Amino acid sequence: MTEPFVRHTGRLAALPRANVDTDQIVPKQFLKRVERTGFGPALFHDWRFRPDGSPNPDFELNQLTARGATILLVGENFGCGSSREHAVWALREYGFRAILAPSFADIFFANCCQNGLVPVRLLPQEIAELFRRHQAAGGEYQLTVDLAEQRVDDGLGFRTTFAMEPYRREMLLHGLDEIGRTLRVEDRIGAYEKGREAGNPKGLPAGRGKGETW
Amino acid sequence: MTARTLFEKVWVAHVVHQFPEGQALLYVDLHLVHEVTSPQAFEGLRQAGRRVRRPALTVATVDHNVPTGDRAAPIADPIAARQLEALAVNARDFGLELFDLRSPQQGIVHVIGPELGLTQPGMVIVCGDSHTATHGAFGALALGIGTSEVEHVLATQCLVWSKPGTMEARVTGGLAPGVTAKDLILALIGRIGTAGATGHVIEYTGEAIRALSMEERMTVCNMSIEAGARAGMIAPDEKTVAYLKGRPRAPSGAAWDRAVERWRELRTDPGATYDKHVQLDAAEVAPQVTWGTSPGMVTPVTGCVPSPTDFTTDAERRAVTRALEYMGLAPGTPLEGLPIDRVFLGSCTNARIEDLRAAARTVRGRHVATGVRAMVVPGSQQVKAQAEREGLDRVFTEAGFEWRNAGCSMCLGMNPDVLQSGERCASTSNRNFEGRQGRGGRTHLMSPPMAAAAAVAGRIVDVRSWGREPAAR
Ligand code: SF4
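Residues numbered from 1 in each chain as written. Chains lettered and ligands numbered in written order. Predicted model: local features only at pLDDT ≥ 70, side-chain atom pairs only at ≥ 80, totals over all residues. Heavy atoms only, no water.

S.K.: Before we move on, could you go through the overall build of chain A and cite the residues and values that matter?
M.R.: From N to C terminus, chain A includes eight helices and seven strands. In terms of its C-alpha atoms, chain A occupies a principal-axis envelope of roughly 70 × 45 × 30 Å. By residue count, 58% of the 214 residues in chain A fall in the buried class. Taking contacts inside chain A between residues at least 6 apart in sequence as the whole, the part at least 24 apart equals 65%. As displayed, chain A offers around 8,500 Å² of accessible surface, 51% of which is attributable to carbon and sulfur atoms. Between the mean site of the 28 positive side-chain charges and the mean site of the 28 negative ones, chain A shows a separation of 2 Å. (Helix = DSSP H or I, 4+ residues; strand = E, 2+ residues; numbered from the N terminus. Buried < 20%, exposed > 50% of the residue type's maximum accessible area, 1.4 Å probe, protein only. Contact = heavy atoms within 4.5 Å. Areas by Shrake-Rupley, 256 points an atom, 1.4 Å probe, with all protein chains shown as cover. Lys, Arg positive; Asp, Glu negative; His and termini not counted. Charge placed at Lys NZ, Arg CZ, Asp CG, Glu CD.)

S.K.: I'd like a rundown of the packing of helix 6 (residues 181-192) of chain B against helix 8 (residues 214-222) of chain B, residues and numbers included.
M.R.: All names here are of chain B. Remark: helix 6 packs on helix 8, axes separated minimally by 8 Å, with the N-to-C direction vectors making an angle of 25°. Accordingly, the angle class assigned to the pair helix 6 and helix 8 is roughly parallel. As helix 6 runs across helix 8, the sense of the crossing is right-handed. Here Ala181, Lys182 and Ile185 of helix 6 lie close against helix 8, whose contacting residues are Glu216, Thr219 and Val220. (Axes fitted to C-alpha atoms, helices over the stretch in contact; angles between N-to-C directions. Parallel < 35°, antiparallel > 145°, perpendicular 65-115°, else oblique. Left-handed = near helix turned anticlockwise from the far one by under 90°.)

S.K.: Tell me about the packing of helix 3 (residues 86-94) of chain A against helix 4 (residues 106-114) of chain A, residues and numbers included.
M.R.: Residue and element names in this part refer to chain A. For the pair helix 3 and helix 4, interaxial distance at closest approach is 9 Å and the crossing angle is 50°. It follows that helix 3 is oblique to helix 4 by the angle criterion. When the axes of helix 3 and helix 4 are compared, the crossing they make is right-handed. Where helix 3 approaches helix 4, its residues Ala87, Val88 and Leu91 are matched on the opposing element by Phe108, Asn111 and Cys112.

S.K.: So what's going on with the site of the ligand? Which residues, and what values?
M.R.: Residue and element names in this part refer to chain B. Taken together, the residues surrounding the ligand are His64, Ile108, His110, Asp129, His131, Ser347, Cys348, Cys408, Cys411, Leu412, Asn430 and Arg436. With respect to the pocket detection grid, the ligand is positioned in the largest cavity. A per-class count over the shell around the ligand returns five nonpolar, five polar and two charged. (Near = heavy atom within 4 Å. 1 Å grid on protein atoms, 1.4 Å probe; cavity = no way out; pocket = protein on both sides within 12 Å on 5 of 7 lines; lining within 4 Å. Sits in = over half its atoms within 2 Å of the grid points. Nonpolar A, V, L, I, M, F, W, Y, C, P; charged D, E, K, R; others polar.)

S.K.: Can you lay out the interface of chain B and chain A for me, pointing to particular residues and giving the numbers?
M.R.: At the interface, 85 residues of chain B touch 67 residues of chain A. Carbon and sulfur atoms supply 52% of the area that chain B and chain A bury against each other, a total of about 6,400 Å² over both sides. Looking only at chain B, the three residues that lose the most surface to chain A are Gln40(B), Arg262(B) and Arg439(B), adding up to 12% of its buried area. Put simply, chain B and chain A have eleven salt bridges between them. With a closest N to O distance of 2.6 Å, Arg82(B) and Glu35(A) form a salt bridge. In this assembly, chain B and chain A are joined by 36 residue pairs in polar contact (both at pLDDT 80 or more). By residue number, the principal contributor to the side of chain B that touches chain A is helix 5 (residues 147-156) of chain B, which donates seven residues. Here the residues of the side of chain B that touches chain A sort into 34 nonpolar, 29 polar and 22 charged. (Buried area = accessible area lost by both parts, 1.4 Å probe. Salt bridge = Lys/Arg side-chain N within 4 Å of Asp/Glu carboxyl O. Polar contact = N/O pair within 3.5 Å; in protein donor to acceptor, adjacent residues only side chain to side chain.)

Okay, here's the thing in structure tokens:
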């Protein structure tokens with residue numbers, strides 16, 4: 001069970017970079033943990049901290065106005081590269097509830113939805129407008145992401161809608177466990193396995209590679 | 001019957017259930033597991049009191065953080081050791097086969113799947129690793145998944161996925177001498193960009209693809225993810241069948257004949273349509289070298305480092321400025337002649353036997369340049385053993401390369417094999433992201449012969465002309 005997401009109002013942090021890969025979100029030296037927790041301090045580690053361990057004052061998330069931000073505004077193709085879900089765990093643990101981007105990498109998008117982190121796809125010009133508004137406000141900028149209504153609103157005139165597949169929306173709204181949902185149709189899995197055995201004398205994957213498999 | 005693509009045939013054969021909201025529940029034939037993305041998934045199963053539904057369809061290996069030095073020595077990094085130990089315990093508790101550090105079959109998960117014959121045409125294959133796309137070279141639908149999905153597959157043997165789009169990448173013509181499958185896929189990524197195939201499964205077609213060996217096809221499919229595609233596929237043919245025949249986990253006897261018969265149906269029907277198309281003439285591809293911090297930042301070796309002003313959008317200009325700063329490169333610098341400090345021959349992209357042979361041909365009778373540290377990390381212990389039978393290890397060690405045990409190694413630098421800050425590396429791996437091979441390290445992706453030649457020359461060279469010069473010194 002992850003934390004449900006219906007609507008959320010929070011401060012925006014802006015990271016105007018495209019193609020941010022998951023190696024940047026959580027560098028590999030932090031992937032050795034065997035838990036789902038403890039990744040917050042690793043978030044954007046090599047950007048957030050200098051080699052001597054002190055915070056890098058130039059990095060966007062280290063700006064005073066980004067403190068306590070819960071919504072992240074980024075460039076296109078966010079989360080590309082490695083499939084590491086650790087990236088999403090780190091963003092969640094750091095405090096982010098939603099990410100706004102013109103586009104996301106596929107695996108990252110799926111990983112977000114598994115963890116109650118709402119990936120919001122907006123048009124490139126809308127994202128550009130949000131970057132402008134964030135900058136014009138000196139970084140002091142709030143937004144509401146409403147998943148129930150599929151709407152983003154800054155209360156100051158910026159208002160738009162976004163698309164989300166109904167299935168993912170349901171999961172996020174209710175904090176559903178995908179496994180539990182699939183197990184509700186477990187009989188289908190059994191039937192499929194039997195069907196393949198029967199309809200296909202060659203049988204199901206017998207395992208260990210010894211059988212025929214499709 | 002309507003004409004269907006290869007992807008559609010495999011998809012349809014695996015739909016267990018169609019959720020009313022649109023997603024499909026897909027049956028998984030082979031689930032590969034490694035030590036880095038699985039511990040949290042097994043922990044989830046334990047907490048929920050769930051079992052692995054089909055342990056026999058699940059195979060585990062260790063690769064990402066294993067040391068590639070002396071296997072007899074204890075693992076120096078206690079945290080890595082804990083992760084390896086966790087996988088051993090999980091494999092035992094849940095009844096999974098594990099190729100551990102002592103196994104002669106251990107290796108990078110995407111190298112050992114095909115090598116053992118576990119990877120077969122028409123399968124749905126998943127692994128908590130984005131380069132699972134590699135297995136698509138056999139006409140399997142193979143994709144990387146996150147850890148929550150790993151847990152889902154362990155528990156249900158199924159994956160929830162909404163049907164992606166299809167993209168045909170048609171490669172005509174033939175590769176010129178000195179140009180490899182790696183150059184082909186880098187050129188394609190350069191053309192369509194790192195998000196060019198997002199939301200799509202790529203099918204590689206055309207005579208240039210048919211002409212590739214199975215190992216070369218794996219190199220191409222491997223980097224589909226660098227073009228944004230979760231999976232890349234190539235229809236099986238006689239080469240696929242010949243590759244799999246006699247592999248330990250491939251079917252045998254009458255079962256083999258039946259399997260081959262089915263595999264022959266696995267191709268896109270004439271008249272079937274794709275959602276997107278891209279075309280590339282292989283004859284026009286030159287050896288490729290990346291200059292930036294994303295695989296799409298690539299140019300022929302004869303090219304120069306671009307200038308931010310060559311790009312149209314603000315975002316691109318910013319990204320290029322940042323990449324050049326990180327890479328320590330000035331606009332207009334020719335790639336050829338750029339001095340390098342390190343060479344890495346390895347990774348699931350380019351550490352199979354043919355890659356090592358090609359690199360060995362380039363270095364035979366020559367020596368690694370003074371001041372350059374070069375290493376060869378075979379993709380699997382079996383590749384390593386094969387190379388040793390062929391004497392390639394001696395070619396490399398006599399030339400001054402380090403000869404190591406199998407693993408991911410400096411492809412991602414989770415083990416002690418890392419670049420120091422500022423070091424420039426010619427690498428046969430697949431990602432040149434900031435810090436990928438070590439914080440501050442500068443990675444130039446290229447083919448095995450190109451990386452081998454760079455090791456000898458001490459700088460980036462064009463293998464096509466360099467090979468013909470008398471061996472320097
Ligand atoms: S070799 Fe590199 S890309 Fe391949 S699985 Fe290992 S870390 Fe990933």
